[in-house]
Amino acid sequence: MKQIRILGNKILKGEIKISGAKNSAVALIPAAILSDEVVIENVPNISDVNALDDILNYLGAEIYKENDKLTINAKKISNKPITEEYSNMLRASYYFMGALLARFKKAEMYFPGGCKIGARPIDIHLMGFEKLGAEIKNDGDKYIIEAKKLIGAEIELPFPSVGATVNILMAASKAEGTTTIKNAAREPEIGNLVDLLINMGAKIEGKDTNTLTITGVSKLTGGVTKVIPDRIEAGTYILAGVMNGDKLKVSNMEPKHLDSLLNILKQMDADIIIEENSVIASKSDNLKAIDVTTAVYPGFPTDLQQPLTSLLIMAHGNSHIKETIYENRFQNVKYLNEMGANIEINGDTITIKGPSKLIGKVVTTSDLRAGAALILAALHAEGETTIKEVKYVLRGYGNIVKKLTNVGAQICLEDV
Ligand code: EPU
């Protein structure tokens, strides 16, 4: 088991450079099999990317890695069923549904893995494939999705699901005729994928809006793209700066992708300076309590809900966070309370009564962002915190120990 130990209450000073976005990279990599060769730059060093590389290798792709540049040659891949083990490795394994369907008109795999933060059904993805003409056979967790022909269709999503939008985009790029996705997700990571697909020869209109129009083409050619900066990683380190920083500079990022968080921090009177591609954050006293509701982009991201909770422990008064995207994303609360926080869970809402003093403890990570929240709390706490099961954190935060050590944190990763 991997665990992290942190000796808290150290000032964080210096610069943290943000890596490419996990949720972009995990869509761009499966999309590479839509053509023969794709080059992806600024790929983050995270275990979710390694898992996708393993699946690509299994399918017969050739992968060349050079620092953060990934060249994927999928010329010789074959359409093997994605095993249960591979499907379970991560959530984004399900992007092989759309990608294999586009390339071979058939995809066979199991229900995807990923963090257990809710039921996370895939009904909207399947509805989209069916509208494009695919037939779906489902036996327990196994899915066989097959189409004689993919034919463009009008698809209105009942919820702007990120995953369903990505999967339908890929399948529709190779369908005959025009597909319209209404109520599409418009997270910046989707724009990143749209750019790659256009680069590969796809015809897509409506980037960054909630209506995407895709005119299918019979062949996609090689493409080059750069993963956009990870807004959730950036947000996490900005929160670390507001909790412990002395002009901690979070750079290589896109502040406009984080408007929702930065506005909340301003309302709380946090000490932040926003520059063109960076945010400088310092430890802020007298933070005001605030009420926040998670929402789809451009609303406040659910992926920053747990990290924000750790900051709100420092705020004066009662803060509330309502989680509207996932049913089970408060698993960090138990451990934050053990460290000294005063947080109550009431259905989909938590009340954080601050300020409370945090003290180092032995805690356990249940999912990726819960782990980030516990790391933030540990960096702020008096004494030493041991965070168990940090394999979840390594799914999404590349070089986290090195990045934090470089700015003055006392943190180590251990295999126990
Ligand atoms: N949903 C359905 N049916 C579907 C698809 C989604 O009911 O067919 C529901 C989900 O159960 C959930 C909500 O819709 O309650 C949002 O799901 P969405 O499909 O938008 O999310 P996702 O594609 O599963 C991606 C990210 C998540 C991030 C969400 C929202 C990846 C691999 N994952 O998940 O990232 O929380 O979008 O922005 O891109 C994370 O990074 O920590 C993480 C969980």
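Okay, so let's go over this structure. (Residues numbered from 1 in each chain as written. Predicted model: local features only at pLDDT ≥ 70, side-chain atom pairs only at ≥ 80, totals over all residues. Heavy atoms only, no water.)

Further remarks concern the site of the ligand. The local shell around the ligand holds 23 residues, among which Ile-124, Ser-161, Asp-303, Ile-325 and Arg-369 are the closest. The separation between an oxygen atom of the ligand and a polar side-chain atom of Arg-120 is 3.4 Å. One nitrogen or oxygen atom from the side chain of Asp-303 is found 2.6 Å from an oxygen atom belonging to the ligand. Among the secondary structure elements, those contributing two or more residues to the shell around the ligand are α1 (22-31), α5 (123-131), α6 (162-173) and α12 (368-380). Here the residues of the shell around the ligand are counted per class, giving eleven nonpolar, five polar and seven charged. (Near = heavy atom within 4 Å. Polar contact = N/O pair within 3.5 Å; in protein donor to acceptor, adjacent residues only side chain to side chain. Helix = DSSP H or I, 4+ residues; strand = E, 2+ residues; numbered from the N terminus. Nonpolar A, V, L, I, M, F, W, Y, C, P; charged D, E, K, R; others polar.)

What follows deals with helix α8 (residues 231-244). Between the first and last C-alpha of α8 there are 20 Å, a value that for 14 residues agrees with the 20 Å anticipated at 1.5 Å per step. With a side-chain oxygen lying 2.9 Å from the backbone nitrogen of Ile-232, the N-terminal cap of α8 falls on Asp-230. (Expected span 1.5 Å × (residues − 1).)

A word on the pattern of salt bridges. In total, this model carries 20 salt bridges according to the counting rule given. Where Glu-108 meets Lys-142, a salt bridge forms, and the shortest distance between an N and an O atom there is 3.3 Å. Linking Glu-108 in strand β6 (residues 106-110) with Lys-142 in strand β8 (residues 142-146), this pair joins segments that are 34 residues apart in sequence. Relative accessible area serves as the criterion here: at 26%, Lys-142 is assigned to the partly exposed category. Measuring nitrogen to oxygen at the nearest pair gives 2.7 Å for the salt bridge that ties Glu-233 to Lys-403. On the criterion of sequence distance, the pair formed by Glu-233 in helix α8 and Lys-403 in helix α14 (residues 400-406) is long-range, its members being 170 residues apart. By relative accessible area, Glu-233 is classed as buried at 2%. Residue class for Lys-403 comes out buried when judged on its relative accessible area of 11%. Through salt bridges that share partners, Arg-5, Glu-384 and Glu-414 make up one connected network. (Salt bridge = Lys/Arg side-chain N within 4 Å of Asp/Glu carboxyl O. Buried < 20%, exposed > 50% of the residue type's maximum accessible area, 1.4 Å probe, protein only.)

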